[in-house]
Amino acid sequence: HLTPRGGAGVGAMSRRERGLELGPGGAEAAAEDAEPESPDQCLSLLPWDRFSAWLHCVCVVGFDLELGQAVEVIYPPHSKLTDKEKTNICYLSFPDSNSGCLGDTQFCFRFRQSPGRKVSLCCFLDQLDRDLPIYLKKDSAYYYGYVYFRQVRDKSLKRGYFQKSLVLISKLPYVHLFRTILKHIAPEYFEKSEAFLEAVCSDIDRWPPPVPGKVLQLPIMGVILKLRIPTYRDKPGTTPIVQNMHQADAQISMALPTVHEVDLFRCFCPVFFHIQMLWELVLLGEPLVVMAPSPAESSETVLALVSCISPLKYCSDFRPYFTIHDSEFKEYTTRTQAPPSVILGVTNPFFAKTLQHWPHIIRIGDIKIPDEVPKQVKVKKLKNLKTLDSKPGVYTSYKPYLNKDEEIVKQLQKGVQQKRPTEAQSVILRRYFLELTESFIIPLERYVASLMPLQKCISPWKSPPQLRQFSQDDFMKTLEKAGPQLTSGLKGDWIGLYRHFLKSPNFDGWFRSRQKEMTQKLEALHLEALCNENLVFWSQKHTEVETVDLVLKLKNKLLQADREHLPVKTDTLKKLQTHINDIILALPDDLQDILLKTGT
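The protein chain is annotated in an unreviewed UniProt entry as DEN6A protein from Cisticola juncidis. UniProt annotates the protein chain under Sequence similarities (unreviewed entry) with the comment "Belongs to the DENND6 family."

Rendered as structure tokens:
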């Protein structure tokens, strides 16, 4: 039974479920120690609210001889998609005809959300989003599409082929989770059709919310998926193990080692010798095209590239699979301006011609794990890239800033010789990228922390002090004594790499988020300073007008702390509320009535 949801989802939630009572400490306690939810705790969630916390909708895309690709089913039926979004989903859910993907193929894509749409659960979801590491936070402007495409010969059909895609549309970048779900449900869906899809969605609508830091159990069609979404408190590079527990009933339990990571080693195998240069190109937000034989290879490689600078967030646009029908095709392929800062995954040979002017092109063949040590491959000149049939490799005239790290190449080659599992090779590669990124970012973190005013500069009776300006010259001066050489043995032009990075979208995104955190910290320290003052004594020495003004300002401070989720202890907020109440009670009755009603 389908109950379309109105916009009342959040209004119907309890304060606790909306997360409004969780201060910074409270969020931690909730994430780490929360008890499994009792059914009555969730009664105030409306039908489909739980589903919406994970997915926007499920689409079935088929091939119609007259219409071409068409969305046949959207589930739940009340889910809203604009015509432009539907068109994008249609074209992105099928491989290009030249890919020749027979059988079953899984891949993912990312597309722009049409402007002006509100999410009815946004208050609740924002609370969850705040506890995520920055690279997993959802991007309000984009959706992900996770695809399971089937193409098999069928003589009973006019075209001689059965072609259909089951697509999950979500805001969440949990690639591995949704891939696992599709692998479990799609083959059965193609056999059983609509009623099965309805049952899948009703299972998802019983899931707990995607709370970071908590071991979640997600039942789906007879299997229980067990997983943990990372939190920003996790030490980068560590993944707490989710144990497979014995289920008392007949259900099979399956523990997922990760919700979002791709098989790094598998993806970087074709460009094995250039991983460090690719890390630089991604870090600097350079325009990159991945040309691959199928959407499975293109999407995995683009996602691997984006993740290689983790824990930094890649702040430009990236499209794991991009087609000539995409609504941004003209914008991204125009020759009238320089290529934008974006990573595109493409499979259509037409792109070899259209994107010839792009500065960095990665050409990959079918991804296979090598059973012998790969041979050293040189970077190829762009003019040699004529068609998609060109040999795999990296085509660019880019000169890396840093000297090549031969050690990681030897380590991975040794792994190939010793038949080391690809999971183990991926762990080595991920650790290498993490250490490289951290060596690069620590000097910036250290310098930006020094822009914070000293605590003694914070006066309760003045506005919070401003952060000092970021100065490129001052930062560069710190590198001599406190540069990346403290944590990395790599030699090269680190200064040149920093200069280039400071002009990139990734620096801009990183610095804005640091600025926001530090400004909120200053606001929180200012609140604490106010709490430590004897405000009632102050009000007795001042006029009624000044006292009323103080009360209104303090009430605004409380509202701001709640609205912006300032990192303030709950006790501090309670103390401030007590101060406000005490000041009001010392005022004449008529003023008390007005002030007690204001801003509550």
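Next comes the rest of the account.
## What to know about the overall build of the protein chain
In terms of regular secondary structure, the protein chain is built from 21 helices and 13 strands. Of all 600 residues assigned to the protein chain, the portion counted as buried reaches 51%. Looking at the protein chain alone, contacts between residues at least 24 apart form 75% of all its contacts between residues at least 6 apart. About 29,200 Å² of surface is accessible on the protein chain, with carbon and sulfur atoms providing 54% of the total.

## Topic: the packing of aromatic side chains
Under the counting rule described, the total for this entry stands at 37 aromatic pairs. Seen from their ring centres, Trp461 and Trp538 are 5.2 Å apart, and the 15 degrees between their planes marks the pair as stacked. Pair noted here: Trp461 is in the loop between α14 (422-449) and α15 (472-482) and Trp538 is in helix α18 (residues 535-540), with a separation of 77 residues, a long-range link. The class of Trp461 is partly exposed, set by a relative accessible area of 39%. With a centroid separation of 6.1 Å and an interplanar angle of 40 degrees, the aromatic rings of Phe470 and Phe475 are classed as tilted. Among the aromatic residues, those joined into a ring-pair cluster are Trp279, Phe440, Tyr447, Phe470, Phe475, Tyr498, Phe501, Phe507, Trp510 and Phe511.

## Re the sheet that holds strand β11 (residues 342-346)
Pairing in this open sheet of five strands is mixed, and the strands run β10-β11-β9-β12-β13 from one edge to the other. One side of each edge strand has no neighbouring strand; the edge strands of this open sheet are β10 (317-319) and β13 (393-396). Averaged over all pairs of adjacent strands, the angle between strand axes in this sheet comes to 15 degrees, irrespective of strand direction. Direction of pairing for strand β9 (residues 288-291) relative to strand β12 (residues 360-363): parallel, over a ladder of four bridges. For Met291, the partnering residue across the bridge sits in β12 and is Arg363. On the sheet, helix α9 (residues 275-283) packs against β9, β11, β12 and β13 and is oriented at approximately 50 degrees with respect to β13.

## A look at the pattern of salt bridges
A full pass over the atoms with the stated rule returns 24 salt bridges. Between Glu188 and Lys192 there is a salt bridge, with its nearest N and O atoms 2.6 Å apart. With a gap of four residues between them, Glu188 and Lys192 both fall in helix α6 (residues 175-192), about one helical turn apart. A residue is classified by how much of its surface remains accessible, and Glu188, at 30% relative accessible area, is partly exposed. Linking Lys557 and Glu523 is a salt bridge whose minimum nitrogen-to-oxygen distance equals 2.9 Å. Residue Lys557 is located in helix α19 (residues 544-563), and its partner Glu523 is located in helix α17 (residues 505-531); the two are separated by 34 residues in the primary sequence. Residue Glu523 is classed as buried on the basis of its relative accessible area, which comes to 16%. Each of Arg110, Arg112, Asp139, Asp317, Arg319, Asp326, Glu328 and Glu331 takes part in a single network of salt bridges with overlapping partners.

Conventions we followed
- Residues numbered from 1 in each chain as written.
- Predicted model: local features only at pLDDT ≥ 70, side-chain atom pairs only at ≥ 80, totals over all residues.
- Heavy atoms only, no water.
- UniProt positions renumbered as here; feature names shortened; annotations may be inferred.
- Helix = DSSP H or I, 4+ residues; strand = E, 2+ residues; numbered from the N terminus.
- Buried < 20%, exposed > 50% of the residue type's maximum accessible area, 1.4 Å probe, protein only.
- Contact = heavy atoms within 4.5 Å.
- Areas by Shrake-Rupley, 256 points an atom, 1.4 Å probe, with all protein chains shown as cover.
- Phe/Tyr/Trp six-rings, centres within 6.5 Å; stacked < 30°, edge-to-face > 60°.
- Pairing = 2+ DSSP bridges.
- Axes fitted to C-alpha atoms, helices over the stretch in contact; angles between N-to-C directions.
- Salt bridge = Lys/Arg side-chain N within 4 Å of Asp/Glu carboxyl O.

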